[in-house]
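Residues per chain, in single letters:
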Amino acid sequence: MTRRRLLALVLAPTLLLGLGLGAALVVDARARQVDVDRADAVALRYQERLSHYREVVVRELEAADATDPDAVARVLARHRDDVPTLGATSQRGAAASPDYGAARREQSVVTEAMDRLDDVVVDTRAAQRYLVAARRALEVDPNALAPGTFVTSGAPLRAQLLPPMRTTLASFEAVEAPRDAAPVRDAVRRALTHVITEAEALAARLDAGQSGSFQYAEEYAAARTAVTQYEERTRADLREALDNVLAGDGVGR
């Protein structure tokens, strides 16, 4: 056996092994592309479903009164649980498909935006209930409750003014304040308490044969300003959350 023949026998298995690895790599590359193609197809179907979902939701939200959280809530009740879900695919296809990755991110954005709108609607409805209670309390006019004639004691104030003012304060305090309504709660409470405290002091002076009066316009004006600012802030939050969906940041592109 010559040296050349020995080398051929030694090298031949190495050449055959190399050919085997190359074929395996080709097969694996083709399988990987199949996985990517499948992931792309899943992403495409998702985008089609998402586009239809967006059209329906946006149309109904645009038709709703953006200042009315109840109207927005009715739209959410019909569609909140229908957010399209991205279909499953192989792990390798999902990792290698840019379209699938984009669809996955978009699904997360959609869900978060709808959750945000849902949360804001709940908060706005609670805020509106509290605003109704605050305005109702401030509509109680101390001047209309005060005795309309000359008085010689504090009895008329204790009989006509103080009981309804205390009832008004108690009724307002019984309404649960939203977590961000502290400025309204404090301002309304301060206005009502001011009238009660001043009326009690005035009644005592009248009992002592002294005359007197008190002002409450400043406290009521401050309370009404707090109510207005809170209402504007809650409306702005609802409008922002709604715009995120309508503009496409939250539902589709």
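Residues numbered from 1 in each chain as written. Predicted model: local features only at pLDDT ≥ 70, side-chain atom pairs only at ≥ 80, totals over all residues. Heavy atoms only, no water.

Focus on the overall build of the protein
Right, so step 1: Counting its regular elements, the protein contains eight helices and zero strands.
Right, so step 2: Listed N to C, the secondary structure of the protein is α-α-α-α-α-α-α-α in terms of helices and strands.
Right, so step 3: Out of the 253 residues in the protein, the part that is buried amounts to 36%.
Right, so step 4: Expressed as a percentage of contacts within the protein between residues at least 6 apart in sequence, the contacts between residues at least 24 apart total 78%.
Right, so step 5: Approximately 15,100 Å² of the protein is accessible, and the part contributed by carbon and sulfur atoms is 54%. (Helix = DSSP H or I, 4+ residues; strand = E, 2+ residues; numbered from the N terminus. Buried < 20%, exposed > 50% of the residue type's maximum accessible area, 1.4 Å probe, protein only. Contact = heavy atoms within 4.5 Å. Areas by Shrake-Rupley, 256 points an atom, 1.4 Å probe, with all protein chains shown as cover.)

Details of helix H8 (residues 217-246)
Right, so step 1: Across its 30 residues, H8 extends 43 Å between first and last C-alpha, which sits within 8% of the 44 Å expected from 1.5 Å per residue.
Right, so step 2: Within the span of H8, buried status applies to Tyr220, Ala223, Ala226, Val227, Tyr230, Glu231, Thr234, Leu238, Ala241, Leu242, Val245 and Leu246. (Expected span 1.5 Å × (residues − 1).)

Observations regarding the side chain of glutamate 231
Right, so step 1: One can find glutamate 231 in helix H8.
Right, so step 2: Dropping the residues within four chain positions of it, glutamate 231 is found in contact with Leu131 and Arg135.

What about the packing of aromatic side chains?
Right, so step 1: All told, the structure shown has three aromatic pairs when counted by the stated rule.
Right, so step 2: With a centroid separation of 5.4 Å and 40° between ring planes, the pair formed by tyrosine 130 and phenylalanine 172 is classed as tilted. Here tyrosine 130, found in helix H4 (residues 98-138), pairs with phenylalanine 172, found in helix H6 (residues 155-173); they are 42 residues apart in sequence, far enough to count as distant. An identical accessibility class is assigned to tyrosine 130 and phenylalanine 172; each is buried.
Right, so step 3: Arranged with centres 5.3 Å apart and planes meeting at 65°, the rings of tyrosine 216 and tyrosine 220 form a pair that is edge-to-face. Tyrosine 220 matches tyrosine 216 in its accessibility class, with the two residues each being buried.
Right, so step 4: Linked through ring pairs, Phe214, Tyr216 and Tyr220 together constitute an aromatic cluster. (Phe/Tyr/Trp six-rings, centres within 6.5 Å; stacked < 30°, edge-to-face > 60°.)

Details of the environment of leucine 206
Right, so step 1: Mapped onto the elements of the fold, leucine 206 is located in helix H7 (residues 182-207).
Right, so step 2: With 53 residues separating them along the chain, leucine 206 and serine 153 place their C-alpha atoms 4.7 Å apart.

Comments concerning the pattern of salt bridges
Right, so step 1: Tallied over the entire structure, the rule returns 13 salt bridges.
Right, so step 2: Glutamate 173 serves as the salt-bridge partner of arginine 189, at 3.0 Å between the closest nitrogen and oxygen. Here arginine 189 is found in helix H7, whereas its partner glutamate 173 is found in helix H6, with 16 residues between them in sequence.
Right, so step 3: Residue arginine 189 is classed as partly exposed on the basis of its relative accessible area, which comes to 30%.
Right, so step 4: Several salt bridges converge on common partners, so that one network encompasses Glu173, Arg185, Asp186 and Arg189. (Salt bridge = Lys/Arg side-chain N within 4 Å of Asp/Glu carboxyl O.)

Describing the confidence of the model for the protein
Right, so step 1: Scored by pLDDT, the protein has a mean of 86; 86% of the residues are at 70 or more.
Right, so step 2: Taken element by element, the protein is modelled with least confidence in helix H1 (residues 3-63), mean pLDDT 72, and with most confidence in H7, mean pLDDT 97. (pLDDT = per-residue confidence, 0-100.)

Some thoughts on the packing of H4 against H7
Helix packing geometry: the angle between the two helix axes and the distance between the axes.
Right, so step 1: Two numbers describe how H4 lies on H7: the axes approach to 10 Å, and their chain directions differ by 15°. Between H4 and H7, the interaxial angle falls into the category roughly parallel. Between H4 and H7 lies a crossing of left-handed hand. Counting all contacts with H4, which are made through Tyr130, Ala134, Ala137 and Leu138, the residues of H7 involved are Val184, Arg185, Val188, Ala191 and Leu192.
Right, so step 2: For the contact of H4 with H7, the per-class residue count stands at eight nonpolar, no polar and one charged. (Axes fitted to C-alpha atoms, helices over the stretch in contact; angles between N-to-C directions. Parallel < 35°, antiparallel > 145°, perpendicular 65-115°, else oblique. Left-handed = near helix turned anticlockwise from the far one by under 90°. Nonpolar A, V, L, I, M, F, W, Y, C, P; charged D, E, K, R; others polar.)

A short note on H7
Right, so step 1: With 26 residues, H7 extends 37 Å from end C-alpha to end C-alpha; this agrees with the ideal 38 Å at 1.5 Å per step.
Right, so step 2: Taken as a whole, H7 has its buried residues at Val184, Ala187, Val188, Ala191, Leu192, His194, Val195, Ile196, Ala199, Leu202, Ala203 and Leu206.
Right, so step 3: Contacts from the buried residues of H7 go to H4, helix H5 (142-145), H6 and H8.
Right, so step 4: The positive-phi residue at the C-terminal boundary of H7 is glycine 209, with phi of around 85°.

What to know about the environment of arginine 125
Right, so step 1: With respect to the helices and strands, the residue arginine 125 is situated in helix H4.
Right, so step 2: On a C-alpha basis, the gap between arginine 125 and threonine 234 in space is 9.3 Å, while along the polypeptide they are 109 residues apart.
Right, so step 3: Among residues more than four places away in sequence, those in contact with arginine 125 are Pro69, Asp70 and Ala73.
Right, so step 4: Here the side chain of arginine 125 touches aspartate 70 through a polar contact of 2.7 Å, side chain to side chain. (Polar contact = N/O pair within 3.5 Å; in protein donor to acceptor, adjacent residues only side chain to side chain.)

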